[in-house]
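Here is how the chains run, residue by residue.
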Amino acid sequence: VDVFQAWCGPCKPVVNLFQKIKNEVGSNLLHFAVAEVDSIDALEKYRGQCEPVFLFYTGGQLVAVVRGADAPLLQKTILKQL
């Protein structure tokens, strides 16, 4: 989940990264979503930050968090979680 502030929007380059990985691994287990922190109370702790935050869930449980648009770290985290 790409968690973003309304004033800076979701991280568009990461959408391309996720699509590339999904195409490469061909996994139905990988899903990408965006969430605006100002409209979801459960994400309140991520408000006021100017860096993108990516939350990784498995079975409804938060399993990893990546702060910043670090493509190599995001890719490593995705492949590890898959």
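Reference entry: report on the structure contained in this document. (Residues numbered from 1 in each chain as written. Predicted model: local features only at pLDDT ≥ 70, side-chain atom pairs only at ≥ 80, totals over all residues. Heavy atoms only, no water.)

## Let's talk about the overall build of the chain
Item 1. What the chain contains, in helices and strands, is two helices and four strands.
Item 2. Going residue by residue from the N terminus, the α and β elements of the chain occur as β-α-β-β-β-α.
Item 3. Reported as C-alpha extents along the three principal axes, the dimensions of the chain are approximately 35 × 25 × 15 Å.
Item 4. Each of the 82 residues in the chain was classed as buried or not, and the buried ones make up 30%. (Helix = DSSP H or I, 4+ residues; strand = E, 2+ residues; numbered from the N terminus. Buried < 20%, exposed > 50% of the residue type's maximum accessible area, 1.4 Å probe, protein only.)

## What about the pairing of strand S3 (residues 53-58)?
Item 1. Bridge analysis of strand S1 (residues 2-4) against S3 gives two bridges, and the strand direction is antiparallel. Residue Asp2 lies in a different strand from S3, and its bridge partner there is Phe54.
Item 2. Sheet topology note: the S3/strand S4 (residues 61-67) ladder contains six bridges and is antiparallel. Counterpart to Tyr57 in the pairing with S4 is Leu62.
Item 3. Where S3 folds back on S4, the antiparallel hairpin that results is connected by two residues, among which Gly59 adopts a positive phi of roughly 60°. (Pairing = 2+ DSSP bridges.)

## Topic: the sheet that holds S3
Item 1. Read across the open sheet, the four strands follow the order S2-S1-S3-S4; overall the sheet is mixed. The strands lining the two open edges of the sheet, one partner per strand, are strand S2 (34-36) and S4. Pairwise comparison of adjacent strand axes, ignoring direction, gives a mean angle of 30° for this sheet.
Item 2. Pairing geometry for S1 and S2, over three bridges, is parallel. Residue pairing in the sheet places Val3 in a bridge with Ala35 of S2. (Axes fitted to C-alpha atoms, helices over the stretch in contact; angles between N-to-C directions.)

## Section: the nonpolar core
Item 1. Counting residues in each nonpolar core, the largest one holds twelve residues, listed as Cys11, Val14, Leu17, Phe18, Ile21, Leu30, Phe54, Phe56, Ala64, Val66, Leu74 and Ile78.
Item 2. Looking at this core, the elements that each hand over two or more residues are helix H1 (12-25), S3, S4 and helix H2 (71-81).
Item 3. For Ile21, the residues in contact, after removing those within four places along its chain, are Gly26, Leu30, Gln75, Ile78 and Leu79.
Item 4. One finds Val3, Ala35, Leu43 and Val53 within the second-largest nonpolar core, a separate group that totals seven residues. (Core = buried A, V, L, I, M, F, W, Y, C linked by side-chain atoms within 4.5 Å. Contact = heavy atoms within 4.5 Å.)

## A closer look at a nonpolar patch on the surface
Item 1. A grouping of Val25, Leu29, Leu79 and Leu82 is seen on the molecular surface, where their side chains present a nonpolar patch of about 360 Å² in accessible area.
Item 2. Note that Val25 resides in helix H1.
Item 3. A relative accessible area of 38% means that Val25 is categorised as partly exposed. (Patch = residues over 30% accessible without salt bridge, like charges linked within 9 Å, V, L, I, M, F, W, Y side chains within 5 Å. Areas by Shrake-Rupley, 256 points an atom, 1.4 Å probe, with all protein chains shown as cover. Salt bridge = Lys/Arg side-chain N within 4 Å of Asp/Glu carboxyl O.)

## Some points on the pattern of salt bridges
Item 1. Taken as a whole and judged by the stated rule, the model has three salt bridges.
Item 2. With a shortest N-O distance of 3.9 Å, Arg47 and Asp38 are connected by a salt bridge.
Item 3. When its relative accessible area of 28% is taken as the criterion, Arg47 is described as partly exposed.
Item 4. Relative accessible area serves as the criterion here: at 41%, Asp38 is assigned to the partly exposed category.
Item 5. Between Asp41 and Arg47 there is a salt bridge whose closest N-O contact spans 3.7 Å.
Item 6. Each of Asp38, Asp41 and Arg47 takes part in a single network of salt bridges with overlapping partners.

Limitation: the analysis is restricted to geometry and does not speak to function.
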